[in-house]
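Structural description and commentary
Letter by letter, the chains look like this.
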Amino acid sequence: MTSDWTTDPADAAAHFARRLAVETDVSDVHAALESGTPGFVLLDSRSREAWDQGHVPGAVHLPGREVAARAEAELDRSVPVVTYCWGPGCNGATRAALALSLLGYRVREMIGGFEYWAREGLPVQTADGLRRPDVDPLTAPRAVSCGC
């Protein structure tokens, strides 16, 4: 970490506000989906093989490489989109969000991706049905809230 602490607090505030305007997290997406009226469509931008291994229930599958060609036919431009990919080590959701925003869609990226969805023990859909993975205590400690 650098010892340069010269960033103006107003610049930092603008940076973080901008991030919050285009990002959401697994917990917020789950709560919105559970409400029954999330106000967005959730888009899984991973490959067919990844989708088949498991995905967020209710998500739409549109691989990132196909967004530009298929979005117009498959997504309603009046409904915001939340994208996700594998996880923090993958920028597929970022690329899908960029492609959608360039096409005029309102979009956010679900930080943490499918990895953190599953690690937090949230429902996962597969061809065999719905399951809830075990909670990873490093991401969602039992009986402890991060207080966000």
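Residues numbered from 1 in each chain as written. Predicted model: local features only at pLDDT ≥ 70, side-chain atom pairs only at ≥ 80, totals over all residues. Heavy atoms only, no water.

1. Digging into the pattern of salt bridges
Here the structure, examined in full by the defined rule, presents eight salt bridges. Salt-bridge contacts for arginine 70 lead to glutamate 66; the nearest nitrogen and oxygen are separated by 2.3 Å. Take glutamate 66: its relative accessible area is 32%, and that puts it in the partly exposed class. For the salt bridge of aspartate 136 with arginine 119, the shortest nitrogen-to-oxygen distance reads 2.6 Å. Of this pair, aspartate 136 sits in the segment after strand S7 (129-131) while arginine 119 is found in helix H6 (residues 113-119), placing the two residues 17 residues apart along the sequence. Beyond isolated ion pairs, a larger network of salt bridges with shared partners links Glu66, Arg70 and Glu74. (Salt bridge = Lys/Arg side-chain N within 4 Å of Asp/Glu carboxyl O. Buried < 20%, exposed > 50% of the residue type's maximum accessible area, 1.4 Å probe, protein only. Helix = DSSP H or I, 4+ residues; strand = E, 2+ residues; numbered from the N terminus.)

2. Let's talk about helix H5 (residues 92-102)
Turning to H5, its buried residues are Gly92, Ala93, Ala96, Ala97 and Leu100. All buried residues of H5 project into a common sector of 135° when viewed along the axis, lining one side. In H5, the exposed residues that point more than 90 degrees away from the buried face are Arg95 and Leu102. Packing partners of the buried residues in H5 comprise strand S2 (41-44), helix H4 (67-74), strand S4 (81-84) and strand S5 (107-111). Phi turns positive, to about 100°, at glycine 104, one or two residues after H5. (Arc of directions from axis to C-beta. Contact = heavy atoms within 4.5 Å.)

3. Considering the packing of aromatic side chains
Taken as a whole, this structure holds two aromatic pairs when the rule is applied. Seen in terms of ring centroids, tyrosine 84 and phenylalanine 114 are 6.4 Å apart; in terms of plane orientation they differ by 20°. Their pairing is stacked. Here tyrosine 84 is found in strand S4, whereas its partner phenylalanine 114 is found in helix H6, with 30 residues between them in sequence. Pair check on accessibility: tyrosine 84 and phenylalanine 114 agree, each one buried. Here tryptophan 86 and phenylalanine 114 contribute two aromatic rings whose centre-to-centre distance is 6.1 Å and whose plane-to-plane angle is 70°, an arrangement assigned as edge-to-face. Of this pair, tryptophan 86 sits in the loop between S4 and H5 while phenylalanine 114 sits in helix H6, and the two are 28 residues apart along the sequence. Judged by its relative accessible area of 37%, tryptophan 86 falls in the partly exposed class. Grouped by ring-pair contacts, the aromatic residues Tyr84, Trp86 and Phe114 constitute a single cluster. Above the face of the phenylalanine 114 ring, arginine 46 is positioned so that its terminal group lies 4.4 Å from the ring centre. We note arginine 77 situated over the ring of tyrosine 105; from NZ or CZ to the ring centre the distance is 4.7 Å. (Phe/Tyr/Trp six-rings, centres within 6.5 Å; stacked < 30°, edge-to-face > 60°. Lys NZ or Arg CZ within 6 Å of the ring centre and 35° of its normal.)

4. Observations regarding the nonpolar core
Val29, Leu42, Val56, Tyr84, Met110, Phe114 and Trp117 are the most contacted members of the largest nonpolar core, which has 16 residues in total. Beyond its immediate chain neighbours, meaning those up to four positions away, valine 29 contacts Thr24, Phe40, Leu42, Val82, Met110 and Trp117. Among the nonpolar cores identified, the runner-up in size contains twelve residues, and Ala96, Ala97, Tyr105 and Val107 belong to it. (Core = buried A, V, L, I, M, F, W, Y, C linked by side-chain atoms within 4.5 Å.)

5. Details of the UniProt feature "domain: Rhodanese" (unreviewed entry) in the protein
If you check UniProt for "domain: Rhodanese" (unreviewed entry), the listed places come out as residues 36-126 in our numbering. With 35% helix and 20% strand, residues 36-126 has end C-alpha atoms that lie 21 Å from one another. (UniProt positions renumbered as here; feature names shortened; annotations may be inferred.)

6. Quick word on the pairing of S4
Residues Val81 and Thr83 line one face of S4 and the alternating positions Val82 and Tyr84 line the opposite face, and both faces are buried. Relative to S4, S2 is paired through four bridges, and the arrangement is parallel. Paired with valine 41 across the two strands is valine 81, which belongs to S4. Across three bridges, S4 lies against S5 in parallel orientation. Residue pairing across strands places valine 81 opposite valine 107, the latter belonging to S5. After leaving S4, the chain enters H5 and then returns to the sheet as S5, a path that is right-handed. (Pairing = 2+ DSSP bridges. Right-handed = clockwise from strand over helix to strand, strands pointing away.)

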